[in-house]
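Coordinates in review
So you can see what is in the structure, the chains are spelled out below.
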Amino acid sequence: MRVFITGASGHVGSAVVPELLSAGHEVVGLARSDASAAALEAAGAQVHRGNLDDPDALAEVAAAADGVIHLAFKHENMIAGDFLGAADADLRVVRAFGEALAGSGKPLVSTSGTGLLAALGRTGTEADSLPGGPRIDSENEVIGFAERGIRSSVVRLPPTVHSTLDHHGFVPTLIAIAREKGVSGYVGEGVNRWPAGHTLDAANLYRLALESAPAGTRLHAVGDEGIPLRRIAEVIGRHLDVPVGSIPAEDAPGHFGFLAPMVQLDNPTTAEATTALLGWKPLHPNLIEDLEQGHYFTGR
C-alpha cells in the first residue's frame, strides 16, 4: 500500500514510518523543512515538501495514495496560546482529505486525543463521543466520512505518548519545569489521572488501523488507563533530586504555563474495545517503567 503520512518526521510519525515500511508498505511523508526531509529519506520514505497551510496540495497527494495517516498538528500554535487556530487548520486539512478520498473506499486514519473525554467524569471508552468543539469537530468529521465511502478511523492518543523518541511532549515539559522551578509539582492532591501509551505501541496501532479498522472507528492508543499526577511528579522529583510538592490551583498557570490545564486533567481511559476489535496489545514499558529507565533525565 502506498501511504501518505502527515507529521511523518514528528515524535509518533518517526515510529509509524518504520512500522509501515517493515510491513511492506510504501511511505510518502510530508516534510516542511530540509531536516525533516533528510530524516524521512534516511528512514527509507519518499518525501513530499509542504505544510498544513495548503490543504488543496495535500489533498492531491492523498488522492494519489492508497491510504492516508494524518498525524500533523500545529503544536507550536497551541503552545503559543492559539489552540483554536491550530484546531481550525486541522479541520481544513481533514475536510480536504475527505473531498479527495470520497467514494474511494481507501483508509484514512486521523488523530485525536483522549483528553477530549475528560469532561465525562468517568473512564472514557471508544464508544464515547462529544457533539462538537475544537479538535472534536475534526474527529467527528473523520468518523462521518464512513458515510462517504472512506474507510475512516481516528486514533485517540493519551496526554503522554512516551519513549526515547519523546523530546517535546508533556513529560519532557514537566521535567523541564521541575528543573527550572526546583520542585516537581502537581496540583492539589495530585489524584487526577493521565492515561499513557508507548510510542511504539501507538505506531503499531496506526498500522493496524490503516490495514483493517472498519469505517467510522474510534481507537485508543492507551496502555496505562490512568496514572495519578502525583505519582509522575514523585518519579520526576527523585530522578532530578528536587522536592515534590503541591501547587495551589490558582498558582498553576504561573508554575506550569500552557500546561496548567493539562496537569489538572482527570482523564482515565480504557482501550478494551480497541484490543477486542484489532487484537492490538501494548507490548512496551508503561510510563513509570519508562521513566525509571532514566533516558528522560539524560542529555538526550
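Computed from a prediction, not measured in an experiment: that's the story for all the values here.

What counts and how
Residues numbered from 1 in each chain as written. Predicted model: local features only at pLDDT ≥ 70, side-chain atom pairs only at ≥ 80, totals over all residues. Heavy atoms only, no water. Axes fitted to C-alpha atoms, helices over the stretch in contact; angles between N-to-C directions. Helix = DSSP H or I, 4+ residues; strand = E, 2+ residues; numbered from the N terminus. Parallel < 35°, antiparallel > 145°, perpendicular 65-115°, else oblique. Left-handed = near helix turned anticlockwise from the far one by under 90°. Contact = heavy atoms within 4.5 Å. Expected span 1.5 Å × (residues − 1). Buried < 20%, exposed > 50% of the residue type's maximum accessible area, 1.4 Å probe, protein only. Core = buried A, V, L, I, M, F, W, Y, C linked by side-chain atoms within 4.5 Å. Pairing = 2+ DSSP bridges. Salt bridge = Lys/Arg side-chain N within 4 Å of Asp/Glu carboxyl O.

With that settled, consider the packing of helix H7 (residues 170-181) against helix H9 (residues 229-240). Two numbers describe how H7 lies on H9: the axes approach to 10 Å, and their chain directions differ by 55 degrees. Classed by the angle they form, the pair H7 and H9 counts as oblique. Both H7 and H9 take part in a crossing whose hand is right-handed. Only Ile232, Ile236 and Leu240 of H9 make contact with H7, whose side of the interface consists of Leu174, Ile175, Ala178 and Arg179.

What follows concerns helix H8 (residues 199-212). With 14 residues, H8 should reach 20 Å at 1.5 Å per residue; the first-to-last C-alpha distance of 20 Å fits that figure. With respect to burial, H8 is a largely interior element, 11 of its 14 residues being buried.

The next point concerns the nonpolar core. One finds Ile5, Val16, Leu20, Ile69, Val155, Leu157 and Tyr206 to be the most contacted residues of the largest nonpolar core, which totals 33 residues. Secondary structure elements with two or more residues in this core: strand S1 (2-6), helix H1 (13-22), strand S2 (26-31), helix H2 (34-43), strand S6 (151-157) and H8. Ranked by the residues each element gives to this core, the list is headed by H8, at 7 residues. Aside from chain neighbours lying at most four places away, what touches Val155 is Val109, Ser110, Thr111, Ser112, Leu205, Tyr206, Leu219 and Ala221. Ranked by size, the runner-up nonpolar core spans 29 residues in total, among them Val242, Ile247, Phe256 and Leu287.

Attention now goes to the side chain of Ser112. Locating Ser112 in the fold gives a position in strand S5 (residues 107-113). Setting aside residues no more than four positions away along its own chain, Ser112 makes contact with Arg135, Glu139, Val154, Val155, Arg156 and Leu157.

Bringing the environment of Lys181 into the picture now. Here Lys181 shows up in helix H7. C-alpha separation for the pair Lys181 and Arg49, spaced 132 residues apart in sequence, amounts to 40 Å. Setting aside residues no more than four positions away along its own chain, Lys181 makes contact with Gly254 and His255.

This next bit is on H7. Its 12 residues give H7 an end-to-end C-alpha distance of 16 Å, which sits within 8% of 16 Å, the value for a rise of 1.5 Å per residue. All of the buried residues along H7 are Phe170, Val171, Pro172, Thr173, Leu174, Ile175, Ile177 and Ala178. Positive backbone phi, approximately 75 degrees, marks Gly182, located one or two places after H7.

Right, let's talk about the sheet that holds S5 for a bit. Strand order in the open sheet formed by 7 strands is S3-S2-S1-S4-S5-S6-S10, with parallel pairing between adjacent strands. A strand with exactly one partner marks an edge of an open sheet, and here the two such strands are strand S3 (46-49) and strand S10 (217-220). Each adjacent strand pair in this sheet contributes to an overall mean axis angle of 20 degrees, direction not counted. With 4 bridges joining them, S1 and strand S4 (residues 67-70) adopt parallel strand pairing. Within S4, the position partnered with Phe4 by the bridge is Val68. Helix-sheet contacts for H1 involve S1, S2 and S4, and the interaxial angle to S1 is about 175 degrees. Its contacts with the sheet put helix H6 (residues 136-144) on S5, S6 and S10, and the angle it makes with S6 is roughly 150 degrees.

What follows covers the pattern of salt bridges. Taken as a whole and judged by the stated rule, the model has 14 salt bridges. Close ionic contact of Glu139 with Arg156 constitutes a salt bridge, the shortest N to O distance being 2.6 Å. One end of the pair, Glu139, is in helix H6; the other, Arg156, is in strand S6, with 17 residues separating them in the sequence. Classification of Glu139 by relative accessible area gives buried; the value is 4%. Under the relative-accessibility criterion, Arg156 is labelled buried at 1%. With a closest N to O distance of 2.9 Å, Arg207 and Glu211 form a salt bridge. You can see Arg207 and its partner Glu211 sitting in helix H8, 4 residues apart, about one turn around the helix. The exposure class of Arg207 is buried, given its relative accessible area of 17%.

This is a description of form; function is not addressed.
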